[in-house]
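Chain residues, written in single-letter form:
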Amino acid sequence: MKTKQYLIIGNSAAAIGCVEGIRQLDKTGAVTIVSREAHHTYSRPLISYLLSGKTDRQRMRYRDADFYETYGVAPLLGRTALSLDPAQKTIALDDGQTLPYDKLLVATGSVPFVPPMEGLDLVSKKFTFLSLDDADALAAAVTADSRVLIVGAGLIGLKCAEGLSGQAGSLTVVDLAPQILPSVLDEGAAALVQAHIERQGVRFLLSISAARFENGAAHLTDGSTVPFDVLVLAVGVRPSVSLAREAGAAVGRGLITDEYMRTNLPGVYAAGDCTESFDITSGERKPLALLPNAYLQGETAGLHMAGGGKPFCTAMPMNAVGFWGLHIVSAGSYAGDAYIKCEGEHYRKLVCRDNLLQGFILIGDVLRAGIYTALIRDRVPIDTIDFELIKDKPGLIAFSRRDRQKKLGVKPA
Amino acid sequence: MKRIYVSEKWCLGCHLCEYYCAFANSGSDDMAKALMNRRINPRIQVEERSGISFAVSCRHCEEPLCVKSCITGALSSEGGLITIDKNRCVACHTCVLACPYGTIMPSDDGMMQKCELCLKNAIGEPACVKYCPNRAIIYEDSAAPAAAAQ
């Protein structure tokens, strides 16, 4: 039998998930990874930890140094896929090579979204913050005196601020939204986290945006001016879909796939930040640019490419992040009846709708949050558990004796 | 693979499993020195309420969501044993968010820790099982061990 050719474009969580999925079932097929970035697979969220010195290039590897060897992967790093020919089942690379495939995974990730802003081209020291190369370039530009202006108070902008904390002269974050972390937190939680970050010396300018830039200064919509030495653009990310779209792949808010991560092109799969997901808690199809989601999608694709696997249909927003020691975990969506408890820097919000837990935000005390996540993921009817008991402290004790025994592995008597 | 199973029928709620877990993973050979006047962070924890009690530790899932969700690659599964490389952990708490049993928790230094069945410490077999006075925690090879099913 001819050796199956697996080709993966991308080298991050979805790509690695795909490799590990393929190898669960197919030990002999040829697997090739093509990546624009010339680095061993690394954990993208760790670039802020690299800035702050809490990790290093060795430890931020997403898999061991011998991963490609162990998994029988041929890595083509520093190579860009220029086009995809779904009829011939080939991709063309920037070095002139044409690579054939039987199964292709498009895991092209996302690209920073930079809205058109007047005068931005005049700014010499401007950076995005999504890749290891971005982090290296930013680190080289920032000195102890640098006034750093970050546009965007989302996860990327704030993790960048934390990474630069103590290494720059000043840190200012500006955002058009009235609150920080609008995609993760509600208003109350955002205010609490904002106050915590302000105590670390970061200045926020919210409900405001830059009307115009010149080199070294941002002129804001309220007429004020913020001088800066280094500008970081962290407005958001967009799925990187052009390669697949030009080949005829269906695109909504990201590449459209079925629950096995198949696109509409035969033999072509997509996973990770370049796709749109069906969020089980909101019923919406939208990009969920989150590492666990990317891995699970990639693994699902890999298993299916190798002839097996099962559908992935439990996607939802999920975030775990810390800022200067304050932990935040959240999942799901927040439309419904809310239970809220707020004490100091502890915040707890659980949202129920239609007899199901739909979402939660925990700040400070986040222990055992996964028990809540499982209630959402497994669509556990609230009236089948003692929900009151675990509103403040998640535990398996909320389940019936029978379910507890099932969970803890013991046959019911 | 051999796994830990717990029985709430036999659990006394004595919390000895928590103390032996903390001791086994302390690197010390003196239990009193290891645990006295310390807030312990055991990898097995007892849940209890109105006469019901049971211990919970990592289930070493066949489909480990913690491993698949880990953003750094610090968590891995080998031969069914799920371990964490604390050197690569950055305490982002994604595993805490992912684990359906709530069994991954911060260690003394804030990085995450979990039950590794005592296979990586000097005890070499699960201390919680060895020292449970009522055999409420067992270590067996079956998915539905008869001993705990009674």
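From a predicted model like this one, the values you see are computed outputs, not experimental measurements.

Description of the interface of chain A and chain B
Buried accessible area, meaning the area lost when the parts come together, often serves as the stated size of an interface. With 46 residues of chain A at the contact, the number on the chain B side is 39 residues. Across the contact surface, chain A and chain B share seven salt bridges. A salt bridge links A:Arg368 to B:Glu47; the nearest nitrogen and oxygen atoms lie 2.8 Å apart. Within the residue set of the side of chain A that touches chain B, elements represented by two or more residues are helix H8 (291-305), strand S21 (318-323), strand S22 (326-332), helix H9 (370-377) and helix H10 (401-407) of chain A. The class makeup of the residues in the side of chain A that touches chain B is 25 nonpolar, eight polar and 13 charged.

Here we look at the confidence of the model for chain B
Averaged over all residues, the pLDDT of chain B equals 92, while 94% of them reach at least 70. Our summary of model confidence lists the complex with pTM equal to 0.96 and ipTM equal to 0.95.

Some words on the pattern of salt bridges
Pairing is possible between side chains of opposite charge, provided their charged atoms come close. Evaluated as defined, the whole model comprises 30 salt bridges over all chains. One salt bridge in this structure joins A:Arg63 and A:Glu20, with 2.7 Å as the shortest N-O distance. Residue A:Arg63 is found in the loop between helix H2 (47-52) and helix H3 (67-70), and its partner A:Glu20 is found in helix H1 (residues 13-25); the two are separated by 43 residues along the sequence. Like A:Arg63, the residue A:Glu20 is buried in the burial classification. Across the pair A:Lys349 and A:Asp186 runs a salt bridge, and its minimum N-O distance is 2.8 Å. Here A:Asp186 lies in the loop between strand S11 (170-175) and helix H6 (187-198) and A:Lys349 lies in strand S24 (residues 346-353), a separation of 163 residues in the sequence. Here A:Lys349 and A:Asp186 have matching classes, each one buried. Salt bridges sharing common partners tie together A:Glu299, A:Lys310, B:Glu63 and B:Lys68.

A short note on the packing of aromatic side chains
Residue and element names in this part refer to chain A. Scanning the entire structure with this criterion turns up five aromatic pairs over all chains. Geometrically, the ring pair formed by Phe 67 and Tyr 68 is edge-to-face, given 5.7 Å between the ring centres and 75° between the ring planes. Taking relative accessible area as the criterion, Phe 67 reaches 3% and is therefore assigned buried. Assessed through its relative accessible area of 8%, Tyr 68 is described here as buried. Judged by centre distance (6.3 Å) and plane angle (75°), the rings of Phe 213 and Phe 228 are edge-to-face. Remark: Phe 228 occurs in the loop between strand S15 (225-227) and strand S16 (230-233) and Phe 213 occurs in strand S13 (residues 210-214); sequence separation between them is 15 residues. As far as burial versus exposure is concerned, Phe 213 and Phe 228 are alike and both buried. An aromatic cluster is built from Phe 67, Tyr 68 and Tyr 71, whose rings are joined through pairwise contacts. The ring of Tyr 62 carries Arg 63 above its face, with NZ or CZ at 4.3 Å from the centroid. The ring of Phe 113 has Arg 238 sitting right over it, with the charged end atom 3.8 Å from the ring centre.

Thoughts on the sheet that holds strand S12 (residues 202-206) of chain A
Residue and element names in this part refer to chain A. As summarised here, the arrangement of the five strands in space is S9-S16-S10-S11-S12, forming an open sheet in which the pairing is parallel. In this open sheet, the two strands that pair with only one neighbour each are strand S9 (126-127) and S12. In this structure, S9 lies alongside S16, joined through two bridges in parallel fashion. When the bridges of S16 are listed, Lys 126 appears paired with Leu 231.

Structural notes on the packing of H1(A) against H8(A)
All names here are of chain A. Packing of H1 against H8 leaves a shortest axis separation of 6 Å and a crossing angle of 35°. Here the hand of the crossing between H1 and H8 comes out right-handed. The residues of H8 that touch H1, namely those facing Ala 13, Ala 14, Ile 16, Gly 17, Cys 18, Glu 20, Gly 21, Ile 22, Gln 24 and Leu 25, are Leu 291, Ala 294, Tyr 295, Gly 298, Glu 299, Gly 302, Leu 303 and Met 305. Across the contact of H1 with H8, the residue classes tally to eleven nonpolar, five polar and two charged.

Examining the sheet that holds S15(A)
Residue and element names in this part refer to chain A. One open sheet holds the three strands; their spatial order is S13-S14-S15, and the pairing between them is antiparallel. The sheet is open, and its two borders are formed by S13 and S15, each paired with just one other strand. Each neighbouring strand pair of the sheet contributes to a mean axis angle of 20°, computed without reference to strand direction. Pairing geometry for strand S14 (residues 217-220) and S15, over three bridges, is antiparallel. Opposite Ala 217, over in S15, you have Pro 227 as the bridge partner.

What to know about the pairing of strand S4 (residues 81-85) of chain A
Residues and elements named next belong to chain A. In the sheet, S4 pairs with strand S5 (residues 90-93) via four bridges, with the strands oriented antiparallel. Across the sheet, the residue bridging to Leu 84 is Ile 91, located in S5. Where S4 folds back onto S5 in an antiparallel hairpin, the turn is made up of four residues, including Lys 89, whose phi is positive at roughly 55°.

Observations concerning unusual backbone geometry
A positive phi angle is found at A:Met261, which is not glycine, with a value near 70°. In this fold, A:Met261 is placed in the loop between helix H7 (242-246) and strand S18 (268-270). Take A:Met261: its relative accessible area is 3%, and that puts it in the buried class. The backbone of B:Leu117 shows a phi angle near 60°, a positive value even though the residue is not glycine. Mapped onto the secondary structure, B:Leu117 falls in the loop between strand S7 (112-113) and helix H5 (127-131). According to the relative accessible area criterion, B:Leu117 is buried, its value standing at 2%.

Thoughts on the nonpolar core
Nonpolar side chains in soluble globular proteins tend to be buried together. Counting residues in hydrophobic clusters, the biggest one holds 76 residues, and the most contacted among them are A:Leu138, A:Ile180, A:Leu185, A:Val193 and A:Ile363. Here this core gets seven residues from one element, more than from any other, and that element is H1(A). With near-sequence residues (within four places) excluded, A:Leu185 lies in contact with A:Gln179, A:Ala190, A:Val193, A:Ile328, A:Ile361 and A:Ile363. Counting residues in each nonpolar core, the second largest holds 61 residues, with A:Tyr372, B:Val6, B:Ala55 and B:Cys128 among its members.

Re the environment of A:Leu231
All names here are of chain A. Assignment of secondary structure puts Leu 231 in strand S16. Taking the C-alpha atoms as reference points, Leu 231 and Ala 168, 63 residues apart in sequence, are found 12 Å from one another. Look past the residues within four positions of Leu 231 in its chain and what remains in contact with it is Leu 120, Val 123, Lys 125, Lys 126, Phe 127, Leu 149, Val 151 and Phe 213.

What counts and what doesn't
- Residues numbered from 1 in each chain as written.
- Chains lettered and ligands numbered in written order.
- Predicted model: local features only at pLDDT ≥ 70, side-chain atom pairs only at ≥ 80, totals over all residues.
- Heavy atoms only, no water.
- Contact = heavy atoms within 4.5 Å.
- Salt bridge = Lys/Arg side-chain N within 4 Å of Asp/Glu carboxyl O.
- Helix = DSSP H or I, 4+ residues; strand = E, 2+ residues; numbered from the N terminus.
- Nonpolar A, V, L, I, M, F, W, Y, C, P; charged D, E, K, R; others polar.
- pLDDT = per-residue confidence, 0-100.
- Buried < 20%, exposed > 50% of the residue type's maximum accessible area, 1.4 Å probe, protein only.
- Phe/Tyr/Trp six-rings, centres within 6.5 Å; stacked < 30°, edge-to-face > 60°.
- Lys NZ or Arg CZ within 6 Å of the ring centre and 35° of its normal.
- Pairing = 2+ DSSP bridges.
- Axes fitted to C-alpha atoms, helices over the stretch in contact; angles between N-to-C directions.
- Left-handed = near helix turned anticlockwise from the far one by under 90°.
- Core = buried A, V, L, I, M, F, W, Y, C linked by side-chain atoms within 4.5 Å.

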